[in-house]
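Residue-level listing of the chains:
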Amino acid sequence: MIKNCLLSAAFVLTASASLEAQTNLRTQFNQALALFNELVMNKEIGEAIDMIQPDLVLSDSEKAEYNAALSEAFPDPFVGSSTVQSATLKSGFRQEMLAYWTEGGDYLYLYIVMHTQGAQQQVIHVEHTTTFSKFISRF
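Residues numbered from 1 in each chain as written. Predicted model: local features only at pLDDT ≥ 70, side-chain atom pairs only at ≥ 80, totals over all residues. Heavy atoms only, no water.

A. Structural detail: the pattern of salt bridges. Within this structure, the stated rule accounts for four salt bridges. Here E96 ties to R94 by a salt bridge, and the two come within 2.7 Å at their closest N and O atoms. Among the residues examined, R94 registers a relative accessible area of 16% and is labelled buried. The salt bridge partner of R138 is E127, with a shortest N-O separation of 2.8 Å. Residue R138 is located in the segment after α4 (132-136), and its partner E127 is located in strand β4 (residues 120-129); the two are separated by eleven residues in the primary sequence. On the basis of relative accessible area, R138 is assigned to the partly exposed category, the value being 32%. One connected set of salt bridges, linked through shared partners, spans E127, K134 and R138. (Salt bridge = Lys/Arg side-chain N within 4 Å of Asp/Glu carboxyl O. Buried < 20%, exposed > 50% of the residue type's maximum accessible area, 1.4 Å probe, protein only. Helix = DSSP H or I, 4+ residues; strand = E, 2+ residues; numbered from the N terminus.)

Here is the structure:
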């Protein structure tokens, strides 16, 4: 009886620690996504890419080029952003489709694939388009 109680207590503690780790990962993800969205909304796409893909080292001039290209493609300010679709895949993989839009009705869509191993989450793929159907069909 005591053995069963101890095993139950150990399971609850393990499950709580696992749940807390998942909650912390989700909180970190949500905070990073909010910052990423803010950077894109401000047309600082170079800084946004640098933030989510630290292995890809961009120079200040490369960031400026990305930012200028985004500003040229979308001269009007972005007025909104949203996660259009999000899906958890197998083995720690996740895909996200993000949207940003201007008051004039222009849209930018980003497709992001991430992989989580333990407490480490890594963006492994990023694409962008102005065509909704290109990414939504992946969900």
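B. How the structure looks around the nonpolar core. If you look at the biggest cluster of nonpolar residues, it comprises 20 residues, and the most contacted ones within it are F36, V40, L98, Y100, L108 and I112. Of all elements in the fold, only α1 (2-41), α2 (45-52), β2 (93-102) and β3 (107-117) reach the threshold of two or more residues within this core. Ranked by the residues each element gives to this core, the list is headed by α1, at five residues. Not counting chain neighbours up to four residues away, the residues in contact with F36 comprise A48, I49, M51, I52, L98, Y100, L110 and I112. (Core = buried A, V, L, I, M, F, W, Y, C linked by side-chain atoms within 4.5 Å. Contact = heavy atoms within 4.5 Å.)

C. Summary view of the confidence of the model for the protein chain. The share of residues in the protein chain with pLDDT of 70 or more is 83%, and the mean pLDDT across the chain is 84. Of the regions scoring below 50 in pLDDT, residues 1-19 engages in zero contacts with residues more than four places distant in sequence or in other chains. (pLDDT = per-residue confidence, 0-100.)

D. Focus on the pairing of β3. The buried count for β3 comes to eight of eleven residues, which makes it a mostly enclosed element. In this sheet, β3 lies alongside β2 in antiparallel orientation, the contact comprising nine bridges. Of the residues in β3, the one forming a bridge with Q95 is V113. Turn length for the β2-β3 hairpin, with the two strands adjacent in sequence and antiparallel, is four residues, and the turn residue G105 shows positive phi of about 90°. Where β3 and β4 come together, nine bridges link them in antiparallel fashion. Bridge assignment links M114 to a residue of β4, and that residue is V123. The hairpin formed by β3 and β4 contains two residues between the paired strands, and G118 there has a positive phi angle of roughly 65°. (Pairing = 2+ DSSP bridges.)

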